[in-house]
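Observations on the three-dimensional arrangement
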Amino acid sequence: MDTSSSGIRSGSIVVVAGDTAVVLLKTAHPNRIVGLSRATGKERWRVEVEVLREAELGAHGGLVFVQTADAHVRAYDAQTGKTAWAFSFDGESGACGSR
(Lines give C-alpha, C1' and ligand atoms only; values in the text may rest on other atoms or scores of the structure.)
Protein backbone atom coordinates (compact mmCIF):
# COMPACT_ATOMS: atom_id res chain seq x y z
CA MET A 1 0.00 0.00 0.00
CA ASP A 2 1.45 3.39 -0.99
CA THR A 3 0.99 5.42 2.18
CA SER A 4 2.27 8.68 0.71
CA SER A 5 -0.76 9.15 -1.56
CA SER A 6 -3.33 7.67 0.86
CA GLY A 7 -2.77 10.26 3.57
CA ILE A 8 -1.58 7.63 6.08
CA ARG A 9 0.99 9.26 8.34
CA SER A 10 1.91 9.52 11.97
CA GLY A 11 -1.24 9.75 14.08
CA SER A 12 -3.19 7.39 11.85
CA ILE A 13 -4.41 4.06 13.20
CA VAL A 14 -4.77 0.85 11.18
CA VAL A 15 -6.80 -2.24 12.16
CA VAL A 16 -7.58 -5.37 10.19
CA ALA A 17 -11.13 -6.69 9.86
CA GLY A 18 -11.20 -9.80 7.67
CA ASP A 19 -10.05 -8.85 4.17
CA THR A 20 -10.34 -5.13 4.89
CA ALA A 21 -7.64 -2.86 6.32
CA VAL A 22 -9.36 0.03 8.07
CA VAL A 23 -7.49 3.29 8.63
CA LEU A 24 -8.45 6.17 10.93
CA LEU A 25 -6.88 9.27 9.41
CA LYS A 26 -6.67 11.66 12.36
CA THR A 27 -4.48 14.10 10.46
CA ALA A 28 -7.07 14.74 7.75
CA HIS A 29 -9.75 17.39 8.32
CA PRO A 30 -12.41 16.30 8.64
CA ASN A 31 -11.09 13.05 10.08
CA ARG A 32 -11.79 9.97 7.95
CA ILE A 33 -12.15 6.26 8.36
CA VAL A 34 -11.19 4.46 5.17
CA GLY A 35 -11.70 0.78 4.30
CA LEU A 36 -9.09 -0.69 1.95
CA SER A 37 -8.92 -4.08 0.30
CA ARG A 38 -6.04 -5.99 1.88
CA ALA A 39 -5.43 -7.79 -1.42
CA THR A 40 -5.26 -4.76 -3.73
CA GLY A 41 -5.01 -1.68 -1.48
CA LYS A 42 -8.00 -0.24 -3.35
CA GLU A 43 -10.35 1.97 -1.35
CA ARG A 44 -13.70 0.28 -0.67
CA TRP A 45 -15.36 2.99 1.39
CA ARG A 46 -14.78 6.23 3.25
CA VAL A 47 -16.59 7.88 6.17
CA GLU A 48 -15.99 11.42 7.43
CA VAL A 49 -16.11 11.64 11.22
CA GLU A 50 -14.72 13.95 13.88
CA VAL A 51 -12.79 12.14 16.59
CA LEU A 52 -10.97 13.23 19.72
CA ARG A 53 -7.18 13.37 19.57
CA GLU A 54 -6.94 10.33 21.85
CA ALA A 55 -9.56 8.32 19.93
CA GLU A 56 -8.74 4.73 19.09
CA LEU A 57 -10.04 2.39 16.41
CA GLY A 58 -11.01 -1.21 17.08
CA ALA A 59 -12.38 -4.14 15.12
CA HIS A 60 -14.26 -7.29 16.09
CA GLY A 61 -16.81 -9.55 14.46
CA GLY A 62 -16.87 -7.71 11.13
CA LEU A 63 -17.42 -4.32 12.76
CA VAL A 64 -15.12 -1.33 13.23
CA PHE A 65 -15.55 0.83 16.35
CA VAL A 66 -14.58 4.44 17.04
CA GLN A 67 -15.41 7.04 19.69
CA THR A 68 -16.44 10.32 18.07
CA ALA A 69 -16.13 13.92 19.22
CA ASP A 70 -19.94 14.16 19.54
CA ALA A 71 -19.97 11.68 22.47
CA HIS A 72 -20.86 8.56 20.49
CA VAL A 73 -19.32 5.18 20.00
CA ARG A 74 -20.08 4.20 16.41
CA ALA A 75 -19.85 0.79 14.80
CA TYR A 76 -19.34 0.51 11.04
CA ASP A 77 -19.61 -2.57 8.86
CA ALA A 78 -16.01 -3.37 7.87
CA GLN A 79 -16.99 -4.45 4.35
CA THR A 80 -19.27 -1.53 3.41
CA GLY A 81 -18.59 1.32 5.84
CA LYS A 82 -22.30 1.61 6.62
CA THR A 83 -23.21 2.51 10.18
CA ALA A 84 -24.25 -0.62 12.05
CA TRP A 85 -25.12 1.24 15.26
CA ALA A 86 -24.30 4.29 17.36
CA PHE A 87 -24.33 4.58 21.14
CA SER A 88 -24.49 8.01 22.76
CA PHE A 89 -23.25 9.17 26.15
CA ASP A 90 -24.80 12.06 28.09
CA GLY A 91 -21.82 13.54 29.93
CA GLU A 92 -23.86 15.26 32.64
CA SER A 93 -26.28 12.53 33.66
CA GLY A 94 -24.19 9.54 32.58
CA ALA A 95 -27.21 8.28 30.65
CA CYS A 96 -26.62 6.13 27.61
CA GLY A 97 -28.74 5.34 24.59
CA SER A 98 -28.52 3.65 21.23
CA ARG A 99 -29.82 4.59 17.84
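Residues numbered from 1 in each chain as written. Predicted model: local features only at pLDDT ≥ 70, side-chain atom pairs only at ≥ 80, totals over all residues. Heavy atoms only, no water.

1. Some points on the pairing of strand 1 (residues 13–17)
Covered by surrounding structure in strand 1 are Ile13, Val15 and Ala17 only, the residues Val14 and Val16 on the alternate face being uncovered. Bridge count for strand 1 against strand 2 (residues 20–25) is five bridges, and the pairing is antiparallel. Bridged to valine 15 within strand 2 is valine 22. Hairpin connection of strand 1 to strand 2: two residues between the antiparallel strands, including glycine 18 at a positive phi of 65°. (Buried < 20%, exposed > 50% of the residue type's maximum accessible area, 1.4 Å probe, protein only. Helix = DSSP H or I, 4+ residues; strand = E, 2+ residues; numbered from the N terminus. Pairing = 2+ DSSP bridges.)

2. A word on the sheet that holds strand 4 (residues 43–48)
One open sheet accounts for four strands, arranged 1-2-3-4; its pairing is antiparallel. Among the strands making up the open sheet, the edge pair consists of strand 1 and strand 4. In this sheet, neighbouring strand axes are inclined to one another by 20° on average, regardless of whether the strands run parallel or antiparallel. Pairing geometry for strand 2 and strand 3 (residues 32–37), over six bridges, is antiparallel. Looking at strand 3, one finds that valine 22 is bridged to glycine 35. (Axes fitted to C-alpha atoms, helices over the stretch in contact; angles between N-to-C directions.)

3. Side note on the nonpolar core
Core analysis: the largest hydrophobic core is formed by 16 residues, its most contacted members being Val22, Leu24, Ile33, Val51, Leu57, Val66 and Tyr76. Sorting the residues of this core by element identifies strand 1, strand 2, strand 4 and strand 6 (63–67) as the ones contributing at least two each. With residues up to four places along the chain from it excluded, the contact list for leucine 24 reads Gly11, Ser12, Ile13, Arg32, Ile33, Val51, Ala55, Leu57 and Val66. (Core = buried A, V, L, I, M, F, W, Y, C linked by side-chain atoms within 4.5 Å. Contact = heavy atoms within 4.5 Å.)

4. Remarks on the confidence of the model for the protein
Confidence in the prediction for the protein averages 83 pLDDT; 79% of positions are at 70 or higher. A low-confidence stretch, residues 1–6 (pLDDT under 50), is modelled with four contacts involving residues beyond four sequence positions or located in other chains. (pLDDT = per-residue confidence, 0-100.)

5. As for the pairing of strand 7 (residues 72–77)
Of the strand pairs in this sheet, strand 6 and strand 7 are connected by five bridges, and their pairing is antiparallel. Opposite valine 64, over in strand 7, you have tyrosine 76 as the bridge partner. Hairpin connection, strand 6 to strand 7: the antiparallel pair is bridged by four residues, and alanine 71 has positive phi, about 65°.

6. Brief notes about the environment of aspartate 19
Structurally, aspartate 19 is set in the loop between strand 1 and strand 2. Overall, the relative accessible area of 40% leaves aspartate 19 in the partly exposed class. The spacing of aspartate 19 and alanine 78 is 59 residues in sequence and 8.9 Å in space, taken between C-alpha atoms. Those residues in contact with aspartate 19 that lie beyond four places of it in its chain are Leu36, Ser37, Arg38, Arg44 and Gln79.

7. Quick look at unusual backbone geometry
Despite not being glycine, alanine 71 shows a phi value in the positive range, around 65°. Among the structural elements, alanine 71 can be located in the loop between strand 6 and strand 7. For alanine 71, a relative accessible area of 31% corresponds to the partly exposed category.

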